[in-house]
Amino acid sequence: MAFGRVLGFLVVLGGLGAALWWSRQAEPLPPAAGRAVLDGRSLGDAERIQFRRADLAPIELERGDDGGWRIAEPVRDRAAASVVQAMQQAFDRAQFVPGYTGAEIDERLLGECGLAPPQAELRAWFGDGAAFVLELGLPGPLGHDLFARRAEAGAEPRIDRVDRSLLNALQVNVDEVRDRFVFATSPELAGAVRIERPTGVGGARETVGLAREGGGRWRITAPKDLRADPARVFTLVSALLALRIEEFVPGDPSASVVGPESLFDAVVEIDGSLGSERLELRFLRETGRLVGHITPRGIWFAAPIADFREWVEAPLRELRARWLVEVPVDELEAIRIAQPGGGEVEFTRDGLGQFRIARPIASNVDAVAMAELVQALRSLAAMEFVADAPGELASYGLGDGALRVELEAPRAKGAVRIGLDSGDELAFAQAEGEAQVVAIPRMVAQRLRRPWTEYVERRVLALESSGAIGAVRRVLADGATLEIARGADGAFQRAGVPVDAGFEASLDVLRDLRAEAVLPRAARADLRPEGRLFVTAPSGQVHLDLELLGDAEGRSYVAVARLPGLILRLSARDGRDLLALR
């Protein structure tokens, strides 16, 4: 009986001791006191890396001539930068947690820790001759840790523990380590693109060439020299350089179908910071798959045709620049329009950002007409490409006498010619310095053809109220003078006699006088003089000095000194009211 009680007590005591031991083991891994797995080195500085898992063949990486990583074994190919970076980050920050010292290690302990043989191994060689070997074993007592030891010659004989993330970083097969991007060049570093493809007409082939000019702008170089649309070309180049490999294959699987000497359906060449890369494609339309070969990488792969065909067969017209003048409209400082037969109007932007007419006279602009001009410039784009080698330009109305529009901004300048209407709501146009003739919307052409006088501000006088008018003096055609002025009491008088109370209401015509149209004075030599009209402030300052003119139909016109060579046509009502001021 007593023996049984003692035995039971010992069992309980043993259980408590075991529970205490496991509770201590379940504590978080204590931080290592400066014992970095790589002794402060970075895996990114290595020249060669070899790693393996117990169930897979070793994978060996080496530095290429361009500084990037390449797979040396079991295949030769470019390594995926993301995989190598993940491995580098895991090992660079890894720390050892103390485990067993050399005096405690024997073959039995190595086996229990999964280090004889190891479950995984990483070897790294550095340029200064240093070598590094890390063996990874079985999980430790916490589940998220692994037994590990440094095993290179001269390493301290210890078994420590590391985080399981190191094994996770090595759990990749060779296809996962291979770079699945077809091209290594980035869009920002690509300098030239060449796409050779069939046209679909009698077995003919065409080549589309693109080259990056100074300033990073792209230009079409083949089949002819053409301006390129920057956004569309960047989209194409980015899409080509983002193409990915779905399946690596050991050789050309299309050779047995089409023959090893058959032409490739398409060829894409990219020149960039890493040299020249060439992609050769065969489209196996019956299966919806393609076979690709990459040089100098020297590998074959397979992928769905749909992943590649859209970009390889992008129509040339979609890559062409449609904007005729690549000057930002919002940054314009000057607009010059030269009309056929001579005459030019120039608009300049003032310090407040508003356009004014600078030539042939200085004037404010009509806000509506100017807004329509700016909108036309925003829409100055090709709707159709008419002729790349047009020959005789006169047939398009684009000869020396064509309408010319010049735009100037702080960092850009350009010009375009506007020709004849081409029917179908289009008109011919040509960017200056370019041979190509294009068609633009006819509405845009019509706005650019407007006489410059339509841009002159039509407002003759703008006063806040009739109270700003102190006197109105009318000089008739026969020289007689009539003046209506405010008296001491503020009421209007004529020769000391109060005028009709409705007179002041009629002054609203004067204080906000706006013309219907602005015309060259030389175009209306038939107008007869109707005298002059002066409007002054109560202080005597002259607000307005008008020359009054009339035509045979009874329409009224005025001329003002600030608009030399021009006349302004008034509405029938405004003209009638002005002439009634007598």
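The structure displayed is predicted, hence computed values, not measured ones. (Residues numbered from 1 in each chain as written. Predicted model: local features only at pLDDT ≥ 70, side-chain atom pairs only at ≥ 80, totals over all residues. Heavy atoms only, no water.)

**Brief notes about the overall build of the protein chain**
Rules: Segments assigned H or I by DSSP are reported as helices when at least four residues long, segments assigned E as strands when at least two residues long, and all are numbered from the N terminus. Radius of gyration means the value over C-alpha atoms here, while the globule rule gives 2.2 Å times the residue count to the 0.38 power. The rule is simple: take the accessible area with a 1.4 Å probe, protein chains only, and divide by the maximum for that residue type; under 20% is buried, over 50% is exposed, in between is partly exposed. Any two residues whose heavy atoms approach within 4.5 Å are treated as being in contact. The Shrake-Rupley method, run with a 1.4 Å probe sphere, supplies the accessible areas, and residue values consider only the shown protein chains as cover. Positive: Lys, Arg. Negative: Asp, Glu. His and the chain ends are not part of the count. Think of each charge as sitting on NZ of Lys, CZ of Arg, CG of Asp or CD of Glu.
Assigned secondary structure in the protein chain consists of 13 helices and 38 strands. What you see for the protein chain is a C-alpha radius of gyration of 43 Å, clearly larger than the 25 Å of a compact globule of 582 residues, by over 25%. Taking the principal axes of the C-alpha coordinates as reference, the protein chain spans close to 145 × 80 × 50 Å. A buried classification covers 43% of the 582 residues belonging to the protein chain. Pairs at least 24 residues apart make up 57% of the contacts formed inside the protein chain by residues separated by at least 6 positions. Carbon and sulfur atoms make up 53% of the accessible area of the protein chain, which totals about 29200 Å². Charged side chains in the protein chain number 71 positive and 86 negative. The centres of these two groups are separated by 3 Å.

**Section: helix α9 (residues 367–378)**
Just so we agree on the cut-off: Here, expected helix span is obtained from the residue count minus one, scaled by 1.5 Å. In this description, one arc is meant: the one made by directions from the helix axis to the C-beta atoms.
Over its 12 residues, α9 runs 17 Å from end to end, which matches the ideal 16 Å to within 8%, given 1.5 Å per residue. All of the buried residues in α9 are Ala369, Met370, Leu373, Val374, Ala376 and Leu377. Summarising the axial view, the buried residues of α9 lie within an arc of 155°, below the 170-degree limit, and thus occupy one face. Structural note: α9 exposes Ala367 and Val368 on the side pointing more than 90 degrees away from its buried face. The inward-facing, buried residues of α9 abut β19 (334–338), β20 (344–349), β21 (355–359), β24 (403–409) and α10 (442–448).

**With respect to unusual backbone geometry**
A cis amide bond links Ala222 with the next residue in sequence, Pro223, at an omega value of 10°. Here Pro223 is to be found in the loop between β12 (218–222) and β13 (226–227). Residue Arg359 is joined to Pro360 through a cis peptide bond whose omega torsion reads 5°. Of note, the phi angle at Asp39 is positive, near 55°, even though the residue is not glycine. With relative accessibility at 56%, the residue Asp39 sits in the exposed group.

**Considerations on the pairing of β21**
Regular strands place side chains that alternate from one sheet face to the opposite one. Where we set the bar: When DSSP finds at least two bridges between two strands, those strands are taken to pair.
Where β20 meets β21, 4 bridges bridge the pair, whose relative direction is antiparallel. Note that in β21 the partner of Glu346 across the bridge is Arg359. Examined bridge by bridge, β21 and strand β22 (residues 363–364) share 2 bridges and lie antiparallel to one another. Its bridge partner being in β22, Ile357 is matched across the sheet by Ser363.

**Quick notes on the sheet that holds strand β36 (residues 542–550)**
The sheet built from 9 strands is open, its strands ordered β32-β31-β30-β29-β35-β36-β37-β38-β34 with antiparallel pairing. Here the strands that pair on one side only, and so sit at the sheet edges, are β32 (497–498) and β34 (517–520). One ladder, built from 8 bridges, connects strand β35 (residues 528–536) with β36; its direction is antiparallel. The residue bridging Phe534 from the neighbouring strand is Asp545, located in β36.

**Thoughts on the sheet that holds β24**
Put simply, the rule is: Each axis is a line fitted through C-alpha atoms, and for a helix only the stretch in contact is used; angles between axes span 0 to 180 degrees, taken between their N-to-C directions.
Strand order across the open sheet formed by 9 strands is β22-β21-β20-β19-β24-β25-β26-β27-β23, with antiparallel pairing between neighbours. Unpaired on one side and paired on the other, β22 and β23 (384–387) mark the two borders of the sheet. Lying over the sheet, α9 contacts β19, β20, β21 and β24, oriented at roughly 90° with respect to β19.

**Section: the nonpolar core**
Under the convention used in this document: For our purposes a nonpolar core is just a set of buried Ala, Val, Leu, Ile, Met, Phe, Trp, Tyr and Cys residues, chained together by side-chain atoms within 4.5 Å.
Counting 64 residues, the largest nonpolar core has Leu324, Phe347, Ile440, Leu448 and Leu546 as the members making the most contacts within it. Counting residues per element, this core draws most heavily on α9, at 6 residues. In this view, Leu448 contacts Ile337, Gln339, Leu373, Ala376, Leu377, Leu380, Leu403, Val405 and Ile418; residues no more than four positions away in its chain are not counted. In this structure, Phe183, Trp218, Leu226 and Phe301 belong to the second largest nonpolar core, which totals 36 residues.

**As for the packing of aromatic side chains**
To keep it simple, the criterion reads: Between the rings of Phe, Tyr and Trp (Trp by its six-membered ring), a pair exists once the centres lie within 6.5 Å; its type follows the angle of the planes, with under 30 degrees stacked, over 60 edge-to-face, and the other angles tilted.
Going through the model one piece at a time under the given rule, you end up with 5 aromatic pairs. Plain terms: the ring middles of Phe347 and Tyr455 are 5.1 Å apart, the flat faces sit at 80° to each other, and that makes the pair edge-to-face. Taken together, the positions of Phe347 in strand β20 and Tyr455 in the loop between α10 and β28 (459–462) put the pair 108 residues apart, joining distant regions of the chain. Tyr455 matches Phe347 in its accessibility class, with the two residues each being buried.

**Structural notes on the side chain of Glu196**
The line we're drawing: As used in this structure description, the phrase polar contact means that two N or O atoms lie within 3.5 Å; if the pair is within protein, one of them must be able to donate a hydrogen and the other to accept it, and residues adjacent in sequence are counted only when both atoms belong to side chains.
On the secondary structure map, Glu196 appears in strand β10 (residues 190–198). Polar side-chain contacts of Glu196 include one of 3.1 Å to the side chain of Arg194. Within the structure, the side chain of Glu196 is placed 2.9 Å from the side chain of Arg205, a separation counted as a polar contact. Non-local contacts of Glu196, meaning those with residues more than four positions away in its chain, are made with Arg205, Glu206, Thr207, Asp265, Ala266 and Val267.

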